[in-house]
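These are the residues of each chain, in order.
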Amino acid sequence: MPNGLTAEQVRHFTDEGYVMVPDVFTDAEIQPLRDEITGVIDSAAQDMLAAGKISRSWAEEPFETRLTRVFGECAEILSPIVGRAGGGHSGPAFFEFITNQRLLGCMESLVGPEIIGSSVYRIRPKMPCYERGAVPWHQDSGYFSPHCDEELIVTCWIPLVDTYPENGCLQVLPRAHGRGVMRHFTHGPGGFLVIQDEDLPTSERPVTVPVPAGGALFMTNLTPHCSSLHTVDVVRWAVDVRYQSATVPNNIGELPGDYSAARPTHEIACYPPEADFVVQSPAQPERVVDSWHAFHEIRQRFETQGDRPPGPQRGWVPVATADRA
Ligand SMILES: O=C(O)CCC(=O)C(=O)O
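If you're wondering where the values come from, they're calculated on a predicted model, not measured in any experiment.

So, how was this worked out
Residues numbered from 1 in each chain as written. Predicted model: local features only at pLDDT ≥ 70, side-chain atom pairs only at ≥ 80, totals over all residues. Heavy atoms only, no water. Pairing = 2+ DSSP bridges. Helix = DSSP H or I, 4+ residues; strand = E, 2+ residues; numbered from the N terminus. Axes fitted to C-alpha atoms, helices over the stretch in contact; angles between N-to-C directions. Salt bridge = Lys/Arg side-chain N within 4 Å of Asp/Glu carboxyl O. Buried < 20%, exposed > 50% of the residue type's maximum accessible area, 1.4 Å probe, protein only.

Asker: Please explain the sheet that holds strand 9 (residues 225–227) as it appears in this structure.
Answerer: Two strands in a sheet stick together by hydrogen bonds in their backbones, pointing the same way (parallel) or opposite ways (antiparallel). Ordered in space as 7-5-9, the three strands form an open sheet in which the pairing is antiparallel. Looking at the sheet topology across the chains shown, the edges are occupied by strand 7 (207–209) and strand 9. The mean angle between the axes of side-by-side strands here comes to 30 degrees, regardless of whether they run parallel or antiparallel. One ladder, built from three bridges, connects strand 5 (residues 170–172) with strand 7; its direction is antiparallel. Each bridged residue has a counterpart across the sheet, and for Q171 the counterpart in strand 7 is T208.

Right, dumping it as C-alpha cells:
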C-alpha cells in the first residue's frame, strides 16, 4: 500500500474538492477502535442497568446495532461517546487511529510534512431515524473562524462500517469549493448549521460517496457536504477528524486562558474552543504528541477548565429568523 496519495488522487481532491480513498486502514487497524467504543457502551450500559434506566445491557447485539437498542430505552448512552460540548470519547485506540501512519501519509500529500491535528474531531454514531445523526448541507468553514477561510483544513471522514446510500453515507457537492464560504444559518435540521438549498450552486449535481470500512473521504473545508436520515437497522459509525499545515493558525502549546480576541488573527486558532495538537513534524520532532497520555492531557485542559475559549462568531442567523424576514 503506498504511504501517500497518488498524483491522480491529489488532482481529484484539488479539482473536485474531495477524494475517496478505499484502502487507508486495514481491518486489524480499525478493530481496536471498535472494541474500545464497545467497551465504552458496555460500561455505560452496565451503569444504566444498575440504575434501572434500561431493562438489559443488549450485550448480545453486534457493533452495528447495539447502540440503537440501548438508545431506544435511554438516550443517555450517547453522552460518553459524543461528549456534551464537542470532543467526546478519545481513548488510546482512538489516538492510535487518528495518528495512523498511512492516514498521515495521505495528509502529507495534501498539507505537507508539518501536520497539525485540528481540534475538531468527532465520533458519529448515526442511528436509524435519529435526527441529530443526519447533518444538513454545510461547509466545515461555516464553523471555523473567518480568518481561516482561505486556509486548507482537510476533513477526513472515516467510517468504521461499510457505508452506502441506504445507511446514510455522505453526499458532496463537487467543484463548489472555489466559491468561498456560502451563507449558513444556525438552528438547521438536527440543530446544525445549514446552507439552504437555494444558496447551493446548481451548476453541479451532488455526488453520493459510499465509503467501505477501511476507506476515507477527504474533503476541503469549503466542500459542501451532508448526510441524510437512514432507516436501515444499522448504526453508521464514522469518525471525522481534520488536519492542517503547521502554517495554518492553531493553538498549539496554549492554555485556554491564553485566548484573546484582541490577539492578531494569525495567532488565533481556526476553532478556538478545543485543542489542536502536533501529529507530525520532521522539523521539530520534539513537538509531536506521541502518546495517548499527552494527547489526553492537552484535550482535557480545554474540556475541563472554566475559561474555555468561545466558538467562532460568524454572524450566521437562525433559519426561522431568515424565513420570517
Ligand atoms: O457523519 C456525518 O453524517 C456528517 C459528517 C460531517 O458533516 C463532517 O464531518 O463535517
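Asker: Could you clarify how one ought to interpret the pattern of salt bridges in this entry?
Answerer: When charged atoms on two side chains of opposite charge get close, those side chains can pair. Applying the stated criterion to the full structure yields 20 salt bridges. In this structure, D15 and R11 form a salt bridge, with 2.7 Å as the shortest nitrogen-oxygen distance. On the criterion of helical spacing, the pair formed by D15 and R11 is a turn pair, its members being four residues apart in helix 1 (residues 7–16). For R122, the salt bridge is made with E274, and the minimal N-O distance between the two is 2.8 Å. With R122 in strand 3 (residues 122–126) and E274 in the loop between strand 10 (236–245) and strand 11 (277–280), this residue pair connects regions lying 152 residues apart in the sequence. The pair R122 / E274 is uniform in exposure class, with both members buried. Salt bridges here are not isolated pairs; linked through shared partners, they connect R124, D140, D240 and R242.

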